Amino acid sequence: MLSPNGVFLDCTFGQGGHSREILRRISKSSKLFAFDLDSEAKIASKKITHKNFKFIQDNFKNIGNYFDKESLDGILIDCGVSSPQLDNTLRGFSFRGDAPLDMRFGESVKKTCEEVINNYSERELKYLFQNYGEEKQSSRIAKKIVTIRKKTPISTTKELSDLVISVKKSFKKIHPATQVFQALRMEVNDEINNLKNCLEASKRILKKGGILVVISFHSLEDRMVKNTFKEKIKYHEKDIPFTNDQLQTPSFSISKVFKPHQEEIDFNPRSRSSKLRVIRKL
Ligand SMILES: C[S@@+](CC[C@H](N)C(=O)[O-])C[C@H]1O[C@@H](n2cnc3c(N)ncnc32)[C@H](O)[C@@H]1O
């Protein structure tokens, strides 16, 4: 169990559900920092008046710039998009509305989805749909995008969604554009690289005995979590004398995957594909 005393970090504040729960459980003298890129999250964070809570509007890839080595007792990363971001059709994350193709988690994100859709090559689009979307019809969708945009740029969520439907035709359990939208969101926000940087920084800033909890929604993310913490660099006798960094290479224990119970899925259907892992610095 983790002690309720210490310094904690919520890397993905969203609407603050997890942060509020953490604040309820930690001692009065403990501190909680929370990050999010989104201005809406910043507004939501103002409702928290706890004196030891601080919100930072920045990318979680930068957490290493804010905290010293071995200074945090607990870190939480809840990957992906929040429900309010998805439900606000004007943000462009959802195929249900008709809005500009934006999909940025915050104004500081450099490119929009419209730029990706209209500027990436057919091969790049296919790669995204295949790797980030695990979309079986990647080639046909990428080809259709390139054909259509030669006549007129694709600029709204409805245009993109209709285009995907026209290629896929058949409707199964999920909306046909789900995987394409997911892939584009991951590319626009550089989600895989940001997570990689955040995990690497967590290794360093977590105290011995401290824990990191990661909730992920994509197999690439979970694989990255596993690989980042299972790696243990082995040094050879020929490297003697070892540097301090070599001698102090930390190791980690990593839990199995926890999946949500049916009760939680009924209450929050978006949790259905989530995977949670707990990593402890030894
Ligand atoms: C799944 S939601 C978190 C929900 C939150 N746990 C709650 O209880 O409301 C993910 C949040 O992370 C933010 N986010 C995603 N990538 C980020 C990054 N690289 N840096 C900072 N915030 C990020 C998104 O803007 C979004 O608000």
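Residues numbered from 1 in each chain as written. Predicted model: local features only at pLDDT ≥ 70, side-chain atom pairs only at ≥ 80, totals over all residues. Heavy atoms only, no water.

Following the UniProt record, one finds the feature "binding site: S-adenosyl-L-methionine" (unreviewed entry) at G16, G17, H18, D36, F60, D78 and Q85. With respect to the helices, strands and loops of the structure, D36 is situated in the loop between strand 2 (31-35) and helix 2 (39-45). D36 gets classed as buried once you look at its relative accessible area, which sits at 11%. Setting aside anything within four residues of it in sequence, one finds D36 in contact with C11, T12, F13, G14, A41, F55, I56, Q57 and D58. (UniProt positions renumbered as here; feature names shortened; annotations may be inferred. Helix = DSSP H or I, 4+ residues; strand = E, 2+ residues; numbered from the N terminus. Buried < 20%, exposed > 50% of the residue type's maximum accessible area, 1.4 Å probe, protein only. Contact = heavy atoms within 4.5 Å.)

Further remarks concern the nonpolar core. With 57 residues, the main nonpolar core has I63, I77, F129 and L184 as its most contacted residues. Residue contributions to this core reach at least three from each of two domains, namely domain 1 (7-83 + 191-281) and domain 2 (110-188). If we ignore the near neighbours within four places in the chain, the residues touching I63 are L9, C11, F35, C198, A201, S202 and I205. Core analysis: the second largest hydrophobic core is formed by 16 residues, A34, F55, I211 and V213 among them. (Core = buried A, V, L, I, M, F, W, Y, C linked by side-chain atoms within 4.5 Å. Domains from an automatic or database assignment.)

For the rest of this paragraph, the subject is the packing of aromatic side chains. For any pair of aromatic rings, the description consists of the separation of the ring centres together with the inter-plane angle of the planes. Here the structure, examined in full by the defined rule, presents eight aromatic pairs. For the pair Y66 and F67, a centre-to-centre distance of 6.5 Å together with 45° between the ring planes defines the contact as tilted. Overall, F67 belongs to the buried group, its relative accessible area being 8%. (Phe/Tyr/Trp six-rings, centres within 6.5 Å; stacked < 30°, edge-to-face > 60°.)

Bringing helix 10 (residues 219-230) into the picture now. End to end, helix 10 covers 16 Å across 12 residues, agreeing with the expected 16 Å (1.5 Å per residue, within 8%). Residues of helix 10 that are buried: E221, D222, M224, V225, T228 and F229. The arc that holds the buried residues of helix 10, viewed along the axis, is 155°, so those residues lie on one side. Contact partners of the buried residues in helix 10: helix 9 (191-205), strand 5 (206-216), strand 6 (252-254) and strand 7 (275-281). (Expected span 1.5 Å × (residues − 1). Arc of directions from axis to C-beta.)

Turning to the site of the ligand, a few remarks are in order. In the region of the ligand, 21 residues are neighbours, and H18, D36, N59, F60 and D78 sit closest. Within the backbone of G16, a nitrogen or oxygen atom sits 3.4 Å from an oxygen atom of the ligand. Contacts to the ligand include D78, whose side-chain N or O atom sits 2.8 Å from a nitrogen atom. When the ligand is considered free in solution it has 610 Å² of accessible area, and contact with the protein chains removes 92% of it. By residue class, the composition of the shell around the ligand is six nonpolar, 11 polar and four charged. (Near = heavy atom within 4 Å. Polar contact = N/O pair within 3.5 Å; in protein donor to acceptor, adjacent residues only side chain to side chain. Areas by Shrake-Rupley, 256 points an atom, 1.4 Å probe, with all protein chains shown as cover. Nonpolar A, V, L, I, M, F, W, Y, C, P; charged D, E, K, R; others polar.)

Once that is clear, we can look at the packing of helix 9 against helix 10. One way to put it is that helix 9 packs onto helix 10 with a least axis distance of 10 Å and a crossing angle of 25°. Classified by the angle between their axes, helix 9 and helix 10 sit roughly parallel to one another. Helix 10 is crossed by helix 9, and the crossing has right-handed handedness. Each of E191, I192, L195, K196, L199, E200 and K203 in helix 9 lies in contact with helix 10, whose residues at this interface are L220, E221, M224, V225, T228 and F229. Looking at the contact of helix 9 with helix 10, its residues break down into seven nonpolar, one polar and five charged. (Axes fitted to C-alpha atoms, helices over the stretch in contact; angles between N-to-C directions. Parallel < 35°, antiparallel > 145°, perpendicular 65-115°, else oblique. Left-handed = near helix turned anticlockwise from the far one by under 90°.)

Turning our eyes to something else, we now look at the pairing of strand 7. Here six bridges tie strand 5 to strand 7, and the two strands are oriented antiparallel to one another. Across the sheet, residue L212 finds its bridge partner in strand 7, namely I279. Inspection of the sheet shows strand 6 paired to strand 7 by three bridges, in the antiparallel sense. Paired with F252 across the two strands is K281, which belongs to strand 7. (Pairing = 2+ DSSP bridges.)

Moving on, we come to the pairing of strand 4 (residues 72-78). Of all seven residues that make up strand 4, six are buried, and the element is covered over most of its length. Where strand 1 (residues 7-10) meets strand 4, three bridges bridge the pair, whose relative direction is parallel. Along strand 4, the bridge assignment pairs D10 with L76. Here strand 4 pairs with strand 5 via six bridges, running parallel. In the strand pairing of strand 5, G74 is matched with I211.

Attention now goes to helix 9. Counted at 1.5 Å a residue, the expected span for helix 9 with its 15 residues is 21 Å, and the 21 Å between its end C-alpha atoms agrees. Tucked into the core, helix 9 has its buried residues touching strand 4, helix 8 (178-188), strand 5, helix 10, strand 6 and strand 7.

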